[in-house]
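# Coordinate inspection notes
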Amino acid sequence: MMSSATVRLSLSDSTMFQFPPRSEPETVPPPAPGSTLAASPFSIPASTFHAALDLRVPVTIGCIYATAVAMLNAYNRSHGNKPWRISKSRAFFWFVVGHNVLLATYSGWTFMGMLRAARRTVCNPLAPAGLAGTVDSLCKIHGAPGLGNAIAYNRTMSRWASESPLTNLLGTAGTPDPAHLGRFWNEGLAFYGWLFYLSKFYEVVDTAIIIARGKTSSTLQTYHHAGAMMCMWSGIRYMSPPIWMFVFVNSGIHALMYAYYTLRALSVAVPQALKRSLTTMQIMQFLFGASYAALHSFVSYTIPIQTSRLEDSAVEHHAGYQTVSCINTSGQTFAIWSNVLYLAPLTVLFVRFFVQSYFPSEKGGSKAP
């Protein structure tokens, strides 16, 4: 039966492309520690979880950040880009080291958490469910594992519903039950993804360090940080399936990147080849991430279902297949394409940075990254 399940590419339903996207459904908080076997080291109150995902949070912080950077860039230029007095202190030196060690450690912890979630979640394409089972495990992040056992939000009925009519995996509140494991949301994405979203606000300390040293924040730096806030917000707020990949890959690269920054802060010599490799990994991350995310809008697949019919005072069960789309809500679509549109110019800026930093100019030599 499983072998008949298929995967296909097709144009997404036009109703998925709606701006502004519908606010429903509300984001589902992560399972509380101890309530399941999922990896949630500590509890996140539902009120705090939802408050941080209010649109006004990333918009306000992003606007303040961009405005402050523009003003401080102008200040540094007007003062000849002289380092601030505090940047020459011993306290500042150890602050920079601690900042980089903190982010390297945190990023590595997030990467390992998402790796464990992926191992428990992503279905092997060689398993009985085949490629459709793998696609289902990547597209549907709520419910129990297994092809056809997912829970998705039905925008027509405005409620959560099981992909299988005879399967009930909802909790008492009519939302996905936190006790069910085997899908990305409960296995770690809700927990690690939400914290990773918050970490984007702290990462602006990178810019503060640059400015305190008398330098100016580049367009790449400012755009990167401000845009990451909004993209992580949309992915977690609308529980968009491909956001797990962004958290997974980006945290892994950040672990390496901030380890490199720590070595630089400690004046440890780092080979030029390693510097180029880190920048190359960043660019490849953007190209792969944008392609992976966009693909979700065009994927559909079939799942096995059973229907019941009453005939001659007896219930007969009939097996069949149902075609489902990878994406279910306009919010998920919005998160996907806002990330793609953010990554396109970011990739161009990184490529330009790569060329300017590592390829000799006409005057000879190359810029230090």
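Residue positions within a chain follow its written sequence, with the count starting from 1. Under the rules for a predicted model, residues below a pLDDT of 70 receive no local features and side-chain atom pairs below 80 are neither given nor counted, while totals for whole chains, interfaces and linings still include all residues. Computation of side-chain values covers all heavy atoms of the structure but excludes hydrogens and water.

## Side note on the packing of aromatic side chains
Here a pair means two rings of Phe, Tyr or Trp (six-membered ring of Trp) with centres within 6.5 Å. Their orientation is stacked below 30 degrees between planes, edge-to-face above 60, and tilted elsewhere. For the structure on display, the rule yields 24 aromatic pairs. Ring geometry for Tyr106 versus Trp109: centroids 6.0 Å apart, planes at 45°, classification tilted. Linking Tyr106 with Trp109, this pair stays in helix H3 (residues 90-121), spanning three residues, or about one helical turn. In this structure Tyr106 comes out as buried when scored by relative accessible area, which is 16%. When the ring of Tyr197 is compared with that of Phe201, the centres are 5.2 Å apart and the planes differ by 70°; the resulting orientation is edge-to-face. Of this pair, Tyr197 and Phe201 both sit in helix H5 (residues 184-202), four residues apart, roughly one helical turn. Numbering goes from the N terminus for both helices and strands, where a helix is a DSSP run of H or I of at least four residues and a strand is a run of E of at least two. Throughout, exposure labels follow a simple rule: accessible area from a 1.4 Å probe, protein chains only, divided by the maximum for the residue type, with under 20% read as buried, over 50% as exposed, and the rest as partly exposed.

## Considering the UniProt feature "transmembrane region" (unreviewed entry) in the protein
UniProt positions are given in the numbering used here, feature names are shortened, and annotations may be inferred rather than shown by experiment. According to UniProt, the feature "transmembrane region" (unreviewed entry) maps to residues 91-109, 243-263, 283-303 and 334-355 in the numbering used here. Along residues 91-109 one finds 100% helix and 0% strand; the C-alpha atoms at either end are 27 Å apart. Measuring from the first to the last C-alpha atom of residues 334-355 gives 32 Å, for a span that is 100% helix and 0% strand.

## A few points about the nonpolar core
Counting 40 residues, the largest nonpolar core has Met114, Phe184, Trp185, Leu189, Met232 and Trp244 as the members making the most contacts within it. Looking at this core, the elements that each hand over two or more residues are helix H1 (46-52), helix H2 (56-78), H3, strand E2 (151-154), H5, helix H7 (219-237) and helix H8 (243-265). If you tally residues by element for this core, the top one is H5, at 11 residues. Among buried residues, those of type Ala, Val, Leu, Ile, Met, Phe, Trp, Tyr and Cys that are joined through side-chain atoms within 4.5 Å constitute a nonpolar core. Met16, Ala129, Leu147 and Ala294 belong to the second-largest nonpolar core, a separate cluster that totals 18 residues.

## What to know about the pairing of E2
The two faces of the sheet receive side chains in turn, since in a regular strand these alternate between them. For two strands to pair, DSSP has to find at least two bridges joining them. As defined by bridge partners, E2 adjoins strand E3 (residues 159-162) across four bridges and the pair is classed as antiparallel. Bridging across to E3, Asn154 finds its partner in Arg159.

## Examining the pattern of salt bridges
For salt bridges, the criterion is a side-chain nitrogen of Lys or Arg within 4 Å of an Asp or Glu carboxyl oxygen. Following the criterion strictly, the structure yields five salt bridges and no others. Two residues, Arg22 and Glu24, come together in a salt bridge whose shortest N-O distance is 2.1 Å. Owing to a relative accessible area of 30%, Arg22 belongs among the partly exposed residues under this scheme. For Glu187, the salt bridge identified is with Arg120, shortest N-O distance 2.5 Å.

## Considerations on the state of the cysteines
Two cysteine sulfur atoms make up a disulfide if the distance between them is within 2.5 Å. Under the definition given, this model contains one disulfide. The partner cysteine of Cys139 in its disulfide is Cys326, sulfur to sulfur 2.0 Å. Linking Cys139 and Cys326, the disulfide has an S-S dihedral of approximately -100° and is accordingly described as left-handed. With a gap of 187 residues between them, Cys139 in helix H4 (residues 130-139) and Cys326 in the loop between strand E5 (314-325) and helix H10 (330-358) connect regions that are remote in the sequence. In this pair, the class of Cys139 matches that of Cys326, namely buried.

## Considerations on the side chain of Gln285
Mapping Gln285 onto the fold places it in helix H9 (residues 272-295). Note on definitions: a residue-residue contact is assigned when non-hydrogen atoms from the two residues lie within 4.5 Å. With near-sequence residues (within four places) excluded, Gln285 lies in contact with Val249, Asn250 and Ile253.

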